[in-house]
Amino acid sequence: MAFFPTLQTVFLLALMHVSTCRISKGSFENLIYPVESINVSIRSDEQCLDIEWAVPPHAYTWNLAMIFQIEISRTTSNNTVENKNYTTTLKSNKILQWCWHSALPLECTSHFVRIRSMVDDERFPESRIWSSWSQWAKLKGQDSSGQFVIFPADITYAEEGSNVTFCCISRTDNEKIKFFYEAISVQGIKLSPRTTMFEVNNVSFVREHGSNAFCELNSDIEGVVLYVGVLEEPKDFSCQTRDLQTLNCTWDPGRDTLLPENLPSRYSLFEWFSQKKDDCVHRNWCTWQLAPDMQDTYNFTLMAENKIGKRRTSIFFNVTQRVQPKFVGEISIENVSATEATLTWEIIPNQKNLSFLCQIEVYHDGKRIEYNTSNSEFTLRRLQPYAAHSAQVRCCTAYHFWKWSEWKSKSFTTKEAAPSGALNIWRIVEPVSGGYNVKIFWKPLPTCQTNGKILNYSIAMEALGKVPKVVDTFFSEPESNGTEKIIDQLPYQISVAVINSVGSSTPSVIVVSEDTGKSLQSIKEDRVNGTGDEIYISWKPDPQSEGYVVDWCNYPRDAICNLQWEKFSSNTTSAIIRSAAFQSGVRYNFRIYGLSTKHEAYLLEKKTGYTKELALDCKPEVTVDNLASTSLTLTWKDKCAEEPQYGFFKGYHIYVKPEAKGSCDSETEKLLFSDNIMGCMYTVSDPKQKTFTVKKLQPNSPYSFEVKAYTGGGDSLGSLIKVTTGTHENTHLMMTIIFPMAFFSLLLIIALNLKIQWVKEKCFPDIPDPYKSSVLSLMKFKGNIHQTILNTNDCTPDTIEVVNKPEISKALGSRTLLVENEIITPAYLSLLPTEKDALDSQPCICFENLTYHQATSDSGSCSQNQMMPTNPTRSVEPSEHLLKVEKDYLGSLGNTPAGEEASLNYVSQLAPTISGDKGNSSPNLSEPAHCSEYKMQMVMPTGVARSLPPEGDRPISITSLD
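Computed from a predicted model, the values in this text were never measured in an experiment.

Our focus in this paragraph is the sheet that holds strand β25 (residues 332–334). One key point about sheets: their strands pair by backbone hydrogen bonds, in either a parallel or an antiparallel sense. Across the sheet, three strands lie side by side as β25-β26-β30; this open sheet has antiparallel pairing. Two strands in the sheet have a free side with no partner beyond their single neighbour: β25 and β30 (377–380). When the angles between neighbouring strand axes are averaged without regard to direction, this sheet yields 25 degrees.

In structure tokens, the structure reads:
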């Protein structure tokens, strides 16, 4: 039977070869196949223009690969909207068709389609020539129906964010049509005389029941409902198997479609190798039955579809690499002992071509141990005896890891074993009559060392040095942690062990020697510091110690102290002691022991301290003594040393607060109180001191004082006392001195005020009295040496001042005198008259003395005309002495350089006798008129005298010398 198909195939190949050779030798016109019989229709639900066409029948003989160019026009054949090349291979049983999706509803206007073809076969490369175009195939639209309609006419659907096109058809040509989408007017485009196109861009979801779109023509309205929704491409598409029989595929469908519930999305799986398709019931997962022939490779396409459109995604995989193993039943525990147990389990799929890797985790007392195996059985070792354990297992494929299976767990308890390790023991030795009371304590073994249920504790006491040896053994309850025994003064060795149903632990040994406890009182206790919830302790190393023990009471204030201890190695000399029982304000006492190689313990040091110090619960009562203006003494009483101690009592703080602004000395610490007043704080570091003197206070000022006992935890309570300092001590003495002095000073001022004129005359007279001048006693007189008044005849001028001025010419003119702004020819002025008539005619000669010049000189009785003779024609001859002086002066002028001035000043001091003056011994002198002014008389050249201006109303008396 197989012979005939083979023969048929050979015959066809030979015929094809002959035909090919014939075609190649002929013309190429036979390889042009124009398109025939084009059919065009509409699929309204998809808005698809369905196009079918045919070619001449003999073109199917060669199964030619061909290209068809499809041109689509709208409304008229000249309005091309699509030009598409469609490639296919001709088959005898295959219809040539193509569907064109239009954005504009196809019913809105007419459409025209034409097609041409070209052979695109590699066997005939020279035949690639386009055929002629086919005739236009026309599909009429609804614009010729004569009805007012809108398209799409039924409910339509669109994807959110897309553009939707509508059209409105009028009854007659060129009617005005309005279009609204959700009451918003949209501008249209005229396609034909009766069809107008409207496009709504970027549509969005408005409501679940759809959006409204309608056309308005005159008073008629045609509308349609548009549903806007979402269709996303499925994400995270994945498939796996648990048993190599069923494939489980899952995906993320994305967000909701926003469409009504009666329009859900549909999902389907298509497998390309088997060409099978299954519709999925669920929205996010689906199952697929694997082929019994164990097909390994699969190519799936997941398709999501709803009214909006279609979305698809694909995966390609080997099913043996997508296996997640699964346990069958529970895991089991076998052969359990004190330290071992065997786990077994069963897992699928159990195909021989698959191998698995399993992970085992064992939990005990918060610890985790991990094992790996490729078998379905595993023995656990190094387990804790008499302890609860939990084991869990999970597996995965060994060579192509995909996913772990779920955990499967099992709990079990191992059997008992003999206790391991040794008890941590300690003792307290208290002297009693004839021996010691020994209290033995031990800490329970941890669970990891008891290895079973504790039955009791065995205590053995052996007196060292006795012969024969006697061992006293007794037992304690399993719940106890200590016992006590009275022994004599011999050294004893004490052993303690824990016992369970399997056996006993290693005994712990300690020796109580003869001198135990004798050195407790001789060692000084040192202070240690705490840090909140712990206490740091250090000690000096002891070269003889094999280790150290630190013990303390957790509750030192209670009858049961709850003894605690910690052991340290020989190279440790410090430790941080922690305990949950530690409290602030409680003093804890620590003792450090050394351990010898013979298990003897001896005391090394004692420590005491607080985890945190608190203030003392006491209140000093303060009194004030020795109150002064700048100091006072504070004295207080308290029971701070007798009350319960909450910290180390270090002394007292004395607070000084001035009511007003004050200052602190260098011995104090400045302190700002809560009311922003700067105060002082003194520190008394001796707790036994109960008095203190505060110095450098301000007199007569209010102060507040407070005394508080202090520790490292702060100050205790204090009593506030307010004191005002006294006045200054020297005030009374100063008042005693100041008041009398002020009184006598006042009397003195009054007395001086009454005698002011007398005081003035005695202390600072206006004009010196010549009668009382002491100069008379130093002068030589011509006459009586006892006279007290200087007469003119007795006085010889002895001082002449010569002033040379370059402005005055050497030549001297006639003698002139400037008086009352007039130049008068002067007569000789007798400065020193010798005759009595001269004094009569001129009772007084006034000279100006600059030393005794007074402001009141102008008011004197002397006038300027008194310096001149009464008779202007009368010549007063100068005295012999004066002529000699003038002659000498004129002789000196001859030696004066040309152009310089020579002037002569007579400086004299005369005082006429005043009537009534005491000591007047000259009877020949008449009483002159009263003079109160001195004048200076100058002898100047004539030319200079003429040029001098007057000095106010008083001319200067000048005598010109020729």
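Another aspect to go through is the sheet that holds strand β52 (residues 691–694). In space, the three strands of this open sheet follow the order β47-β48-β52, with antiparallel pairing throughout. Strands with a single pairing partner mark the edges of an open sheet, and in this sheet they are β47 (621–625) and β52. Between one strand and the next, the sheet's axes are offset by a mean angle of 25 degrees, whatever the strand orientation. In this structure, strand β48 (residues 632–637) lies alongside β52, joined through four bridges in antiparallel fashion. If you follow Thr635 over to β52, its bridge partner there is Thr691.

This part is about the packing of aromatic side chains. In total, this model carries 30 aromatic pairs according to the counting rule given. Consider the rings of Phe270 and Trp272, whose centres lie 4.7 Å apart with planes at 90 degrees: the pair is edge-to-face. With relative accessibility at 41%, the residue Trp272 sits in the partly exposed group. For the pair Phe401 and Trp404, a centre-to-centre distance of 5.9 Å together with 65 degrees between the ring planes defines the contact as edge-to-face. Taken together, Trp288, Tyr298, Phe300 and Phe317 form an aromatic cluster joined through their ring pairs.

Now for the state of the cysteines. Per the stated rule, a full pass over the model turns up eight disulfides. Disulfide pairing places Cys48 opposite Cys99 at an S-S distance of 0.9 Å. Residue Cys48 is found in strand β2 (residues 48–54), and its partner Cys99 is found in strand β5 (residues 96–101); the two are separated by 51 residues along the sequence. Cys99 shares its class with Cys48; the two are buried.

Let us look at the layout of surface pockets. Quantified by volume, the largest pocket comes out at close to 1100 Å³. Asp45, Glu46, Gln47, Tyr157 and Lys307 are, among the 30 residues lining the largest pocket, the residues nearest its centre. For the lining of the largest pocket, the secondary structure elements donating two or more residues are β9 (156–159) and β10 (164–169).

With that settled, consider the nonpolar core. Ranked by size, the top nonpolar core spans 39 residues in total, and within it Phe237, Leu247, Leu269, Phe300, Trp345, Leu380 and Val393 carry the most contacts. Leave out the neighbours within four places in its chain, and Trp345 touches Phe327, Ile331, Cys358, Ile360, Thr373, Asn375, Ser376, Glu377, Phe378, Val393 and Cys395.

The element strand β49 (residues 651–658) is largely enclosed, with a buried count of seven among its eight residues. Sheet topology note: the β49/strand β53 (residues 702–711) ladder contains eight bridges and is antiparallel. Note that in β53 the partner of Tyr652 across the bridge is Ala709. In the sheet, β49 pairs with strand β51 (residues 678–684) via five bridges, with the strands oriented antiparallel.

For the chain, mean pLDDT is 78; residues scoring 70 or higher make up 74% of the total. When the elements of the chain are averaged for pLDDT, strand β57 (residues 817–819) gives the smallest value, 37, and strand β26 (residues 341–344) the largest, 96. Of the regions scoring below 50 in pLDDT, residues 17–29 engages in eight contacts with residues more than four places distant in sequence or in other chains. Note on residues 804–887: pLDDT is under 50 here. Beyond four places in sequence and across chains, it has 157 contacts.

For the rest of this paragraph, the subject is the pattern of salt bridges. For the structure shown, the criterion picks out 27 salt bridges. Notably, a salt bridge pairs Arg381 with Glu340, separated by 3.6 Å at the nearest N-O pair. On the criterion of sequence distance, the pair formed by Arg381 in the loop between β30 and β31 (388–397) and Glu340 in the loop between β25 and β26 is long-range, its members being 41 residues apart. Judged by its relative accessible area of 31%, Glu340 falls in the partly exposed class. With a closest N to O distance of 3.7 Å, Lys439 and Glu430 form a salt bridge. When its relative accessible area of 32% is taken as the criterion, Glu430 is described as partly exposed.

Each value, and the rule that gives it
- Residues numbered from 1 in each chain as written.
- Predicted model: local features only at pLDDT ≥ 70, side-chain atom pairs only at ≥ 80, totals over all residues.
- Heavy atoms only, no water.
- Pairing = 2+ DSSP bridges.
- Helix = DSSP H or I, 4+ residues; strand = E, 2+ residues; numbered from the N terminus.
- Axes fitted to C-alpha atoms, helices over the stretch in contact; angles between N-to-C directions.
- Phe/Tyr/Trp six-rings, centres within 6.5 Å; stacked < 30°, edge-to-face > 60°.
- Buried < 20%, exposed > 50% of the residue type's maximum accessible area, 1.4 Å probe, protein only.
- Disulfide = S-S within 2.5 Å.
- 1 Å grid on protein atoms, 1.4 Å probe; cavity = no way out; pocket = protein on both sides within 12 Å on 5 of 7 lines; lining within 4 Å.
- Points joined across faces, edges and corners; volume = space filled by probe spheres on them.
- Core = buried A, V, L, I, M, F, W, Y, C linked by side-chain atoms within 4.5 Å.
- Contact = heavy atoms within 4.5 Å.
- pLDDT = per-residue confidence, 0-100.
- Salt bridge = Lys/Arg side-chain N within 4 Å of Asp/Glu carboxyl O.

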